[in-house]
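# Close look at the chain arrangement
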Amino acid sequence: MESVLSRYENQITLLSDYLEEFPETDEPVWILGRQHHLKADKSKLLLDISARLWFTYRRKFSPIGGTGPSSDAGWGCMLRCGQMMLAQALICRHLGRDWQWEKHKKQPEEYHRILRCFLDRKDCCYSIHQMAQMGVGEGKSIGEWFGPNTVAQVLKKLALFDEWNSLAVYVSMDNTVVIEDIKKMCWCPPQSSSAAHGSTHLHRSALGRNKNTVGFCAGWKPLLLIIPLRLGINHINPVYIDAFKECFKMPQSLGALGGKPNNAYYFIGFLGNELIYLDPHTTQSFVDSEENGTVDDQSFHCQQAPHRMKIMNLDPSVALGFFCKEECDFDNWCSLVQKNSLNLLISYLNWKKNLRS
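Residues numbered from 1 in each chain as written. Predicted model: local features only at pLDDT ≥ 70, side-chain atom pairs only at ≥ 80, totals over all residues. Heavy atoms only, no water.

### Section: the overall build of the chain
Going by this rule: Working definition: helices are DSSP H or I runs of at least four residues, strands are E runs of at least two. Numbering for both runs from the N terminus. For every residue, the accessible area obtained with a 1.4 Å probe (protein chains only) is divided by the maximum for its type, and the residue is called buried under 20%, exposed over 50%, and partly exposed between those limits. The contact rule is simple, with two residues in contact once any of their heavy atoms fall within 4.5 Å. To be clear on the numbers: accessible area is Shrake-Rupley with a 1.4 Å probe, and residue cover counts the displayed protein chains and nothing else.
Along the backbone of the chain there are ten helices and 13 strands. Among the 357 residues that make up the chain, the fraction classed as buried is 55%. Considering only intrachain contacts with a sequence separation of at least 6, the fraction spanning at least 24 residues in the chain is 75%. Just so you have it, the chain exposes about 15600 Å², and 50% of that area is on carbon and sulfur atoms.

### Quick look at the pairing of strand 2 (residues 34-37)
What counts, and what does not: A pair of strands counts as paired when DSSP detects no fewer than two bridges linking them.
Pairing of strand 1 (residues 28-31) with strand 2, which is carried by four bridges, proceeds in the antiparallel orientation. Bridging from a neighbouring strand, Pro 28 pairs with His 37 of strand 2. The hairpin turn running from strand 1 into strand 2, its antiparallel successor, is two residues long, and Leu 32 in that turn takes a positive phi close to 45°.

### Regarding the packing of helix 3 (residues 77-94) against helix 6 (residues 148-159)
Cut-off, in case you're wondering: Here an angle of 0 to 180 degrees is reported between the N-to-C directions of two axes, which are lines fitted to C-alpha atoms, with helices fitted over the stretch in contact. Here is the rule for angles: anything less than 35 degrees is roughly parallel, anything more than 145 is roughly antiparallel, 65 through 115 is roughly perpendicular, and the remaining ranges are oblique. By definition, any crossing whose near helix is turned counterclockwise from its far helix by less than a right angle is left-handed, and any crossing with a clockwise turn is right-handed. Each residue is assigned to one of three groups, with Ala, Val, Leu, Ile, Met, Phe, Trp, Tyr, Cys and Pro labelled nonpolar, Asp, Glu, Lys and Arg labelled charged, and all others, Gly among them, labelled polar.
Relative orientation of the contacting elements helix 3 and helix 6 amounts to 50°, with a least axis distance of 10 Å. It follows that helix 3 is oblique to helix 6 by the angle criterion. Handedness of the crossing formed by helix 3 with helix 6: right-handed. Listed contacts from helix 6 to Met 78, Leu 79, Gly 82 and Leu 86 of helix 3 are Pro 148, Val 151 and Leu 155. Of the residues contributing to the contact of helix 3 with helix 6, the split by class is six nonpolar, one polar and no charged.

### Considerations on helix 2 (residues 38-50)
Condition: Residue count minus one, scaled by 1.5 Å, sets the expected span of a helix.
Over its 13 residues, helix 2 runs only 16 Å from end to end, short of the ideal 18 Å by more than 12%, given 1.5 Å per residue. For helix 2, the full list of buried residues reads Leu 38, Asp 41, Leu 45, Asp 48, Ile 49 and Ser 50. Residues of helix 2 that are buried sit in contact with strand 1, strand 2, strand 8 (263-271) and strand 9 (274-278).

### As for the environment of Gly 66
Within the fold, Gly 66 resides in the loop between strand 3 (57-59) and helix 3. For Gly 66 and His 129, which are 63 residues apart along the polypeptide, the C-alpha to C-alpha distance reads 9.9 Å.

### So, the pattern of salt bridges
Rule in force here: Salt bridges are counted wherever a side-chain nitrogen of Lys or Arg sits within 4 Å of a carboxyl oxygen of Asp or Glu.
In total, this model carries 17 salt bridges according to the counting rule given. Note that Glu 109 and Arg 116 form a salt bridge whose closest N and O atoms lie 3.0 Å from each other. A salt bridge links Lys 184 to Glu 180, with the shortest nitrogen-to-oxygen separation between them at 3.5 Å. With Lys 184 and Glu 180 both in helix 7 (residues 179-187) and four residues apart, this pair spans about one turn of that helix.

### Regarding the nonpolar core
We apply this condition: We call a set of buried residues a nonpolar core when its members are Ala, Val, Leu, Ile, Met, Phe, Trp, Tyr or Cys and they connect through side-chain atoms within 4.5 Å of each other.
Ranked by internal contacts, the top residues of the largest apolar core, which has 71 residues, are Leu 53, Phe 118 and Tyr 266. Element by element, the count of residues in this core is highest for helix 3, at twelve residues. Once you skip the residues sitting within four places of it in the chain, Tyr 266 turns out to touch Leu 32, Cys 81, Met 84, Met 85, Gln 88, Leu 254, Gly 255, Ala 256, Leu 257, Ile 276, Tyr 277 and Leu 278. Core analysis: the next-biggest nonpolar cluster, separate from the first, contains 42 residues, Leu 231, Phe 267, Tyr 277 and Val 318 among them.

### Remarks on the packing of helix 3 against helix 4 (residues 109-116)
Where helix 3 contacts helix 4, the two axes come as close as 10 Å, and the packing angle between them is 160°. Accordingly, the angle class assigned to the pair helix 3 and helix 4 is roughly antiparallel. Crossing handedness for the pair helix 3 and helix 4: right-handed. Residue-level inspection shows Leu 90, Ile 91 and His 94 of helix 3 in contact with helix 4, the latter providing Glu 110, Tyr 111 and Ile 114.

### Focus: the packing of aromatic side chains
So the rule is basically this: Two rings from Phe, Tyr or Trp (for Trp, the six-membered ring) form a pair when their centres are within 6.5 Å of each other. A pair whose planes differ by under 30 degrees is stacked, one over 60 is edge-to-face, and the rest are tilted. Two conditions define a charge sitting above a ring: the NZ of Lys or the CZ of Arg must be within 6 Å of the ring centre, and it must be within 35 degrees of the ring normal.
According to the stated counting rule, one finds 13 aromatic pairs in the structure shown. Ring centres 5.4 Å apart and planes at 85° place the aromatic pair Phe 244 and Phe 248 in the edge-to-face group. By relative accessible area, Phe 248 is classed as buried at 1%. Linked through ring pairs, Trp 187, Trp 220, Phe 322, Phe 330 and Trp 333 together constitute an aromatic cluster. The ring of Phe 300 has Arg 58 sitting right over it, with the charged end atom 4.4 Å from the ring centre.

Structure, rendered in C-alpha cells:
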C-alpha cells in the first residue's frame, strides 16, 4: 500500500505545472537573496539550490505519539516545508548563507547537528513527531494537513525549547510587523520553556539534546521572522506580484511557504514570472544518525533540476520568511521594506531603535 501511495504522489509531482529545464534567457534568477545568471553560472545556481536542506515525506519512522502514523505521506507536506525554511535559517545562523554542500564531502559538526534537529524521531526538537504533536494545541489533529500560519505558530513554540540555536521567532499578525516587539524579543533574556503552550508534548530528551553547551550569550538573539499573508481571495491578486518577488531579492530572505490547496511547496526564488521551489511530495525511508553522530545526508539534498510554477497559479495563502542574525540585519530589512515599497504586503510600526537602555 505504501509503495502504491508513493507512486501516486510522485505522479502528482510529474503532472504539476513546473518546467524542469531552465530556459536560455538573460533574465536573472534570484535564490534566497542571491542573484544568478543562467548563461554565465548555471552550475553555480544548481549548486546553490542543492545546498538547501530538502525534507520530504518519510515512511517507517516510529509511530507518532506511540500509536499514531509511521509515515506523513499525504498530510505532512506543509510541515516539511516549515522544516526546510527553519533549516535554512539555522544554516545561515551557524554556517552562513554562502555555505555550499558537496556530495561525499566531509561537513562541519554544526551541519550534522542541524540535520539531527529534524530527524524523524520523537527526541529531535523539530521532528515530524514534535511538530505534529505541537499542532494539537493549534487545533490540528495528528495526521491533519497544516496551513502556513499553523506551521509558523508551531515553529515559534518549539523554538522556545531550543537552547542551542537560541532563535527568537516572531510570527506577524494581520500582516503587521511591530518593530518594538521584535527588538524587545531579541534583546531580552529568553523566555522559560515552561511558559510555552503545549509544553507537555515535547519529549524530555529533545530538551536535553539541544542544550546550548556555551550558555546564552548577551546581545541580539538571531531572529526568524515569519509573515503569514493572504495575497487575494480565491486567487493571487496581480497587484501583489512585484512586491512578492522583491522579497526573494532581500539578503535576509528565507523564501516562502505556500502552494496550492492541500499541496505545499517551499519557494526559494523566481525566474521571470515563475517561482522556483523544493517539493516535499516524494516518499523516502526513515534515516537515523550514525553512532558517531553524523547523518547519511544524500536524501536530504535535492540533486535534480528544481521545479517551477507560474506565480499566478499560487494559492493566495502564503508565509514569508526572513532571517536576521544581527540587529543591523533587521534594521536593514526595515529599510528595504520602505525602499522597495513592500508596505503593500507588510505593515510595520516605527519606534525609537535604542531599546536596550
